[in-house]
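# Reading the structure
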Amino acid sequence: MPSLWTLLNKEIIARKGHDFTIGHSYFMGDDYELKDTIDNKVLPLLLEYFMNDYDEVKRILAAANLKVDGWPMQLVEND
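Anyway, here's the lowdown on the structure attached to this text. Sequence order as written defines the numbering, with residues in each chain counted from 1. In keeping with the predicted nature of the model, local features appear solely for residues at pLDDT of at least 70, side-chain atom pairs appear and are counted solely at 80 or more, and the whole-chain, interface and lining totals rest on all residues. By convention in this description, side-chain values take in all heavy atoms of the structure and omit both hydrogens and water.

## Describing the pattern of salt bridges
Salt bridge, as used here: a side-chain nitrogen of Lys or Arg that lies within 4 Å of a carboxyl oxygen of Asp or Glu. What the rule picks out here adds up to four salt bridges. The closest approach of N and O atoms between Arg 15 and Glu 11, which form a salt bridge, is 2.3 Å. Highlighted residues: Arg 15 and Glu 11, both in helix H1 (residues 4-15), separated by four residues, approximately one helical turn. Beyond isolated ion pairs, a larger network of salt bridges with shared partners links Glu 11, Arg 15, Glu 56 and Arg 59. Put simply, DSSP H or I for four residues or longer makes a helix, DSSP E for two residues or longer makes a strand, and each gets a number counted from the N terminus.

And the structure:
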């Protein structure tokens, strides 16, 4: 099964190209937590890349089985 990082980058490459992929270091570290990483690192980066296109960013994350909602956008914990 592909990793979250792989799924995100596959979608980013399809929409923007290889130059916009997210590095593995976003998903590493002693204090790594998925919600914090998505909310504070990945979402701001994607919103910048896609010029605040909320729907596009939401589709990219959905392809990686992540749900975001609200403004500011935040990861919604899966049930």
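## A closer look at unusual backbone geometry
Put simply, Trp 71 and Pro 72 share a cis peptide bond, and its omega is 5 degrees. For Pro 72, the location among the structural elements is in the loop between strand S1 (67-69) and strand S2 (74-76). Positioned with a positive phi, Asn 52 is a non-glycine residue whose angle comes to about 60 degrees. Positionally, Asn 52 belongs in the loop between helix H2 (34-49) and helix H3 (54-63). Three exposure classes are used, based on accessible area relative to the maximum for each residue type with a 1.4 Å probe and protein chains only: buried under 20%, partly exposed in between, and exposed over 50%. Owing to a relative accessible area of 54%, Asn 52 belongs among the exposed residues under this scheme. Of note in the backbone geometry, Asn 65 takes a positive phi value of approximately 65 degrees without being a glycine. Tracing the chain through its elements places Asn 65 in the loop between H3 and S1.

## Things to note about H3
By the burial criterion, the buried members of H3 are Glu 56, Val 57, Ile 60 and Leu 61. Along the axis of H3, the buried positions cluster into a sector of 130 degrees, meaning they face one direction only. Should any heavy atoms of two residues lie within 4.5 Å, those residues are counted as being in contact. Tucked into the core, H3 has its buried residues touching H1, H2 and S1. Once H3 ends, the next one or two residues include Asn 65, with phi positive near 65 degrees. Note that the arc is computed from the directions linking the helix axis to the C-beta atoms.

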